Amino acid sequence: MYYKFSGFTQKLAGAWASEAYSPQGLKPVVSTEAPPIIFATPTKLTSDSAPYDYAGRNKVPELQRLFQKSDGVPVHLKRGLPDQMLYRTTMALTVGGTIYCLIALYMASQPRNK
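Since this is a predicted model, take the numbers as computed values, not measurements.

### Quick notes on the overall build of the protein chain
Argument step 1. Scanning the protein chain for helices and strands turns up three helices and two strands.
Argument step 2. When its helices and strands are written in sequence order, the protein chain yields β-β-α-α-α.
Argument step 3. Out of the 114 residues belonging to the protein chain, those deemed buried represent 5%.
Argument step 4. Nonlocal contacts in the protein chain, meaning residues at least 24 apart in sequence, comprise 0% of its contacts between residues at least 6 apart.
Argument step 5. A total of about 11,300 Å² of accessible surface is found on the protein chain, and carbon and sulfur atoms cover 64% of it.

### Observations regarding the confidence of the model for the protein chain
Argument step 1. Across the protein chain, the average pLDDT comes to 81, with 73% of residues at or above 70.
Argument step 2. Averaged over each element, pLDDT in the protein chain is lowest for helix α1 (residues 17–20) (68) and highest for helix α3 (residues 81–109) (96).

### Looking at the side chain of lysine 78
Argument step 1. Tracing the backbone through its elements, the reader meets lysine 78 in the loop between α2 (60–68) and α3.
Argument step 2. There is a polar contact of 2.9 Å between the side chain of lysine 78 and the side chain of aspartate 71.
Argument step 3. Among all residues touching lysine 78, those that are not within four sequence positions of it are Leu66, Phe67, Lys69, Asp71, Val73 and Asp83.

### Focus: the UniProt feature "transmembrane region" (unreviewed entry) in the protein chain
Argument step 1. Residues given the UniProt feature "transmembrane region" (unreviewed entry) here are residues 85–108.
Argument step 2. Secondary structure within residues 85–108 divides into 100% helix and 0% strand; the distance between the first and last C-alpha atoms comes to 34 Å.

### A look at the pattern of salt bridges
A side chain with one charge can pair with a side chain of the opposite charge if their charged atoms come near.
Argument step 1. Using the criterion set out here, one finds two salt bridges in the structure.
Argument step 2. We note a salt bridge from arginine 57 to glutamate 62, for which the minimum N-O separation is 3.1 Å.
Argument step 3. Taking the relative accessible area as the measure of exposure, arginine 57 reaches 56% and is therefore exposed.
Argument step 4. The exposure class of glutamate 62 is partly exposed, given its relative accessible area of 35%.
Argument step 5. A salt bridge links lysine 78 to aspartate 71; its shortest N-O distance comes to 2.9 Å.

### A word on unusual backbone geometry
Argument step 1. The phi dihedral of glutamine 10 is positive, around 60°, even though this residue is not glycine.
Argument step 2. One can find glutamine 10 in the loop between β1 (2–6) and β2 (11–15).

### Focus on the pairing of β1
Argument step 1. Where β1 and β2 come together, five bridges link them in antiparallel fashion. By the bridge assignment for β2, phenylalanine 5 is matched with leucine 12.
Argument step 2. Connecting β1 to the next strand, β2, in antiparallel fashion are four residues, including glutamine 10 with a positive phi near 60°.

About the cut-offs
- Residues numbered from 1 in each chain as written.
- Predicted model: local features only at pLDDT ≥ 70, side-chain atom pairs only at ≥ 80, totals over all residues.
- Heavy atoms only, no water.
- Helix = DSSP H or I, 4+ residues; strand = E, 2+ residues; numbered from the N terminus.
- Buried < 20%, exposed > 50% of the residue type's maximum accessible area, 1.4 Å probe, protein only.
- Contact = heavy atoms within 4.5 Å.
- Areas by Shrake-Rupley, 256 points an atom, 1.4 Å probe, with all protein chains shown as cover.
- pLDDT = per-residue confidence, 0-100.
- Polar contact = N/O pair within 3.5 Å; in protein donor to acceptor, adjacent residues only side chain to side chain.
- UniProt positions renumbered as here; feature names shortened; annotations may be inferred.
- Salt bridge = Lys/Arg side-chain N within 4 Å of Asp/Glu carboxyl O.
- Pairing = 2+ DSSP bridges.

Below, the structure written as structure tokens:
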């Protein structure tokens, strides 16, 4: 008797010799012909389209100017109020989490009173 690994049950299962010698259901190629065309509509040629098909304008040059300006402000705060709010929220959550962990460690280190 021959066995093969079943991907569904994750166990060995009985199998015919032809199934056992083609692992995980891989079968030898029967035909070497090209598969039929699925979509018969013609494709758009690259010379017909614009060089850039994305919506919007390129903001990279103005962002480079903003971030490379030497005004003494750290890079993570260059965009103003939204960056400051995000930074302060992150710092508050970090400090709060550290305090919470220290309190939990202190409470875990104390013996329980019965």
